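Structural characterization, general
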Amino acid sequence: MKKISAVIVEDSRLARNELKELLKDHPQIELMGEAENVAEGFKLISEMNPELLFLDINMPEKDGFELLEMLDQIPIVVFTTAYDEYAIKSFEYNAFDYLLKPINKGRFAKTIDKLMPLLEDKTSNASSEILTEDSQIFIKDGEDCWMVTVKDIFLFEIVGNYTRVYFKDHQPLIYKSLNQIEQKLPEGLFFRTSRQQIINLKNIKKVSPYFKGTLKITLSNGKAIEVSRRQSSIFKQNLEF
């Protein structure tokens, strides 16, 4: 059985030791390292690229939420904290779970049991460069933050020097070019309709002939996308339209 890599970012040595003791009952999780603050945690995560992160929230200088904002690619996150007031905010970040310290052994075991199928699936499709449809990415727009699963994004659209990301009922802007984004997207799930837009193929509701051999694609949310002439031809060839 392939082991799942994990790191701990926690400012309390006692709490780190508690987590390490709990992990002894779960040999499928391999602890790659630990850090006691955000700066050390960022360096450790960047070097180790773990699949799982046990993350404290309330730390000196910067908190756990700020650490997530610094990362380009987010591991699966299990928040650990002594303060239940952060529970709602943690799930705004799409955390997998939220464990209140001191952590109950049985509660910890349930979290690991729920994690394993997801972690094993991510590991089997892992790539250091290309995202999978189950990869989670961190998006920040002003004071609003989300952790979004790639397959839940149905459209990327250029807005000036920014790209608007459409998922669920949200449309935040990120400071990345469409070319940068396209290079990391999973092959076969997304399609570049023009210089301005990339769509999720699984969110197509209708494809209609449009102007001079081009196509118009209607997405599941009702948004209409005009496909460029060149990309219309590629779309027809690829999908045998």
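Provided above is the structure to which this section pertains.
Residues numbered from 1 in each chain as written. Predicted model: local features only at pLDDT ≥ 70, side-chain atom pairs only at ≥ 80, totals over all residues. Heavy atoms only, no water.

**Topic: the sheet that holds strand E3 (residues 52–56)**
- Taking strand neighbours across the sheet as the criterion, the 5 strands line up as E2-E1-E3-E4-E5 in an open arrangement whose pairing is parallel. One side of each edge strand has no neighbouring strand; the edge strands of this open sheet are strand E2 (29–35) and strand E5 (97–100). Mean inter-strand twist for the sheet, computed between neighbouring axes without regard to direction, equals 20°.
- Of the pairings in the sheet, the one linking strand E1 (residues 4–9) to E2 comprises 6 bridges and is parallel in character. Bridge pairing in E2 places serine 5 opposite glutamate 30.
- Each of E1, E2, E3 and strand E4 (76–81) is contacted by helix H1 (residues 13–23), which is oriented at about 170° to E2, the strand it contacts most.
- Contacting E1, E2 and E3, helix H2 (residues 38–48) crosses the sheet at an angle of about 145° to E2. (Pairing = 2+ DSSP bridges. Helix = DSSP H or I, 4+ residues; strand = E, 2+ residues; numbered from the N terminus. Axes fitted to C-alpha atoms, helices over the stretch in contact; angles between N-to-C directions. Contact = heavy atoms within 4.5 Å.)

**Structural notes on unusual backbone geometry**
- A cis amide bond, omega -5°, links lysine 101 with the succeeding residue proline 102.
- Relative to the helices and strands, proline 102 resides in the loop between E5 and helix H5 (105–124).

**Description of the sheet that holds strand E8 (residues 153–159)**
- An order of E10-E9-E8-E12-E11 is seen for the 5 strands of this open sheet, with the pairing classed as antiparallel. For this open sheet the edge positions go to strand E10 (173–174) and strand E11 (190–192), each flanked by a neighbour on one side alone.
- Here 2 bridges tie strand E9 (residues 162–167) to E10, and the two strands are oriented antiparallel to one another. From the neighbouring strand, threonine 163 faces E10, where its bridge partner is isoleucine 174.

**Focus on the nonpolar core**
- The biggest cluster of nonpolar side chains holds 22 residues, and the ones touching the most others in it are Val9, Leu53, Leu55, Leu68, Val77 and Phe79.
- Excluding anything up to four places from it in sequence, valine 9 contacts Ala35, Asn37, Gly41, Ile45, Leu53, Phe54, Leu55, Asp56, Met59 and Leu67. (Core = buried A, V, L, I, M, F, W, Y, C linked by side-chain atoms within 4.5 Å. Buried < 20%, exposed > 50% of the residue type's maximum accessible area, 1.4 Å probe, protein only.)

**Points about helix H7 (residues 229–239)**
- Among all positions in H7, only Gln231, Ser232 and Phe235 are buried. The buried residues of H7 occupy one face: seen down the axis, they fall within an arc of 105°. Turned more than 90 degrees from where H7 packs its buried face, Arg229, Arg230 and Gln237 sit exposed.
- Against E11, strand E13 (204–209), strand E14 (215–219) and strand E15 (224–227) lie the buried residues of H7. (Arc of directions from axis to C-beta.)

**Section: a negative patch on the surface**
- A cluster of acidic side chains, namely Glu66, Glu69, Glu143 and Asp144, defines a negative patch on the protein surface.
- Following the sequence through the fold, glutamate 69 ends up in helix H3 (residues 64–70). (Patch = residues over 30% accessible without salt bridge, like charges linked within 9 Å, V, L, I, M, F, W, Y side chains within 5 Å. Areas by Shrake-Rupley, 256 points an atom, 1.4 Å probe, with all protein chains shown as cover. Salt bridge = Lys/Arg side-chain N within 4 Å of Asp/Glu carboxyl O. Lys, Arg positive; Asp, Glu negative; His and termini not counted. Charge placed at Lys NZ, Arg CZ, Asp CG, Glu CD.)

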